[in-house]
Amino acid sequence: MNKDIKPIVVGSVGTGYGGYLHVHGYQHVTGIPIRLKSICGRDPEKTEAFRVKYGYEQCVFDFEDLINDPEIDVIDLSVPPALHIPMSIKALEAGKHIICEKPLSGYFGREGETEIGRTVKKADMWARMSEDLDKLKAVIDKSKAKFLYAENFIYSTPVQKAAEIIRAKKSKIVMMNGEELIIGSTSPLAGQWKNFGGGTTMRNGIHILSSMIYLKMCEAKARGEEFKIVSVTAENAQQTKALKEDEKAYIRARPDDVEDMTCIIVTFWDGTKAVVVASDATLGGSQNHIDVYTNDSTLRCTLTNNNLLEAYTADTNGLDNVEWGELVRPQDKIGWNNVYVSDPIIRGYVGEMQSFCESIAYDRAPETGFDIAYEIIRVVYASFRSAEEGRRIML
């Protein structure tokens, strides 16, 4: 560890699963001292337990306490996406660096709107959301603090190695396809648009989409080309509507006004395509992969389920607290399984925190900042509009 570098003082917001993944990343940062000062939460008991478990110095229960603390360098947000922009603006205006979890934003409704996914036109959603994005961009441009966008899949070990190969060879990506398939969200709020700004596209497909956009940006930079997304075409569905109630015993997806399946085609400046498929109604645990086809290579990025550890178990005795895999139920631990190994590293949570801390410590531009975050959310909402209007959306 470099003793000449001043410790980065962190104030975190959120004590859920996202908060755990971020703090686990901090605990594995190398070469840069990290001081976990404040954890901000709503539930005193849960927040104190989080503080003790992960080594924060104190609990706070008001976001303003982080804003007004002169010692805190960076505020880390693991909060619902509706809070991302307002909290980011406050932090940046106070001179704090901000780590914003994906997605950058979304449309969550205005006063009096109900069944948002069915009643509000997607073109209107984007127009209204653009106003908030413009406000955030204006604050970022004025602030000396950094906006750091936390999309972990971009920092996953397979995607980072694929990016290294593409840069080194100056390869031309001719096609990409990828999937994120899960059994459904653990959150009972996932079925309503007002909570997540969309369905499986916002919660799952956005990971795959983000990685593809990142890889295409890496290609453009390596080859001296101008990155541009030309159009988006998409189909969405509520595929679980095809099931009778007694046929939903193993699937958690319960969509109300959101999609539980999407297929998105992105066309880039050079005519090449990226295809994203995401589903909330697929058994077998979380399945994430991206296939990248270039003029001189084929790169297959498998995040989960990978086969680093293949385990056969006759029963679940003693396995209650053994991390097995995302969205794996206790009974799924019987028989043959591909068990997660070094999951926070492979899926990029350690890599993104290392990158963010280096960006702050050495005053470097972030690997993922506002520009890529904006491109990602723009494509997501263009896909919603395409599916609703039944046509290609030109960007």
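What you see is a predicted model, and the numbers here were worked out from it, not measured in a lab. (Residues numbered from 1 in each chain as written. Predicted model: local features only at pLDDT ≥ 70, side-chain atom pairs only at ≥ 80, totals over all residues. Heavy atoms only, no water.)

## Quick word on helix H6 (residues 122-142)
Phase 1: Between the first and last C-alpha of H6 there are 30 Å, a value that for 21 residues agrees with the 30 Å anticipated at 1.5 Å per step.
Phase 2: Taken together, the buried positions of H6 are occupied by Lys 122, Met 125, Trp 126, Met 129, Ser 130, Leu 133, Leu 136, Val 139 and Ile 140.
Phase 3: Of the surrounding elements, those touching the buried residues of H6 are helix H4 (84-93), helix H5 (116-119), strand E6 (147-150), helix H8 (193-196) and helix H12 (370-389). (Helix = DSSP H or I, 4+ residues; strand = E, 2+ residues; numbered from the N terminus. Expected span 1.5 Å × (residues − 1). Buried < 20%, exposed > 50% of the residue type's maximum accessible area, 1.4 Å probe, protein only. Contact = heavy atoms within 4.5 Å.)

## Structural notes on the side chain of Ser 12
Phase 1: Looking at the element boundaries, Ser 12 is found in strand E1 (residues 8-13).
Phase 2: By relative accessible area, which is 5% here, Ser 12 ends up buried.
Phase 3: A polar contact of 2.7 Å, which involves the side chain of Ser 12, links it to the side chain of Tyr 56.
Phase 4: Each residue touching Ser 12, except ones within four places of it in the same chain, is listed here: Tyr 26, Ser 38, Ile 39, Cys 40, Tyr 56, Leu 66 and Asp 76. (Polar contact = N/O pair within 3.5 Å; in protein donor to acceptor, adjacent residues only side chain to side chain.)

## A look at the layout of surface pockets
Phase 1: Here the largest pocket defines a volume of roughly 1,500 Å³.
Phase 2: Together, 47 residues line the largest pocket, and Tyr 17, Gly 18, Ser 78, Val 79 and Phe 196 are the ones closest to its centre.
Phase 3: Listing elements by their share of the lining of the largest pocket, those giving two or more residues are helix H1 (17-27), H4, H8 and helix H9 (200-223).
Phase 4: Its residues assigned to classes, the lining of the largest pocket shows 20 nonpolar, 16 polar and 11 charged.
Phase 5: Approximately 600 Å³ is the volume attributed to the second largest pocket.
Phase 6: Taken together, 21 residues line the second largest pocket, and the ones lying closest to its centre are Pro 366, Glu 367, Thr 368, Gly 369 and Asp 371.
Phase 7: Among the elements of the structure, H6, H9 and H12 are those that each provide at least two residues to the lining of the second largest pocket.
Phase 8: Considering each element in turn, the lining of the second largest pocket owes the most residues, five residues, to H9.
Phase 9: Each residue belonging to the lining of the second largest pocket can be placed in one class, and the counts come to 11 nonpolar, three polar and seven charged. (1 Å grid on protein atoms, 1.4 Å probe; cavity = no way out; pocket = protein on both sides within 12 Å on 5 of 7 lines; lining within 4 Å. Points joined across faces, edges and corners; volume = space filled by probe spheres on them. Nonpolar A, V, L, I, M, F, W, Y, C, P; charged D, E, K, R; others polar.)

## Some words on helix H2 (residues 44-54)
Phase 1: Among the residues of H2, those classed as buried are Thr 47, Phe 50 and Tyr 54. Buried residues of H2, viewed axially, fall in a sector of 60 degrees; they line one side. Seen from the open side of H2, the exposed residues pointing more than 90 degrees away from its buried face are Pro 44, Glu 45, Val 52 and Lys 53.
Phase 2: Each element contacted by the buried residues of H2 is listed here: H1, strand E2 (34-40) and strand E3 (58-60).
Phase 3: Structurally, the start of H2 carries an N-cap: the backbone nitrogen of Glu 45 is 2.9 Å from a side-chain oxygen of Asp 43.
Phase 4: Phi turns positive one or two residues past the end of H2, at Gly 55, with a value near 85 degrees. (Arc of directions from axis to C-beta.)

All we've got here are geometric facts, nothing functional implied.
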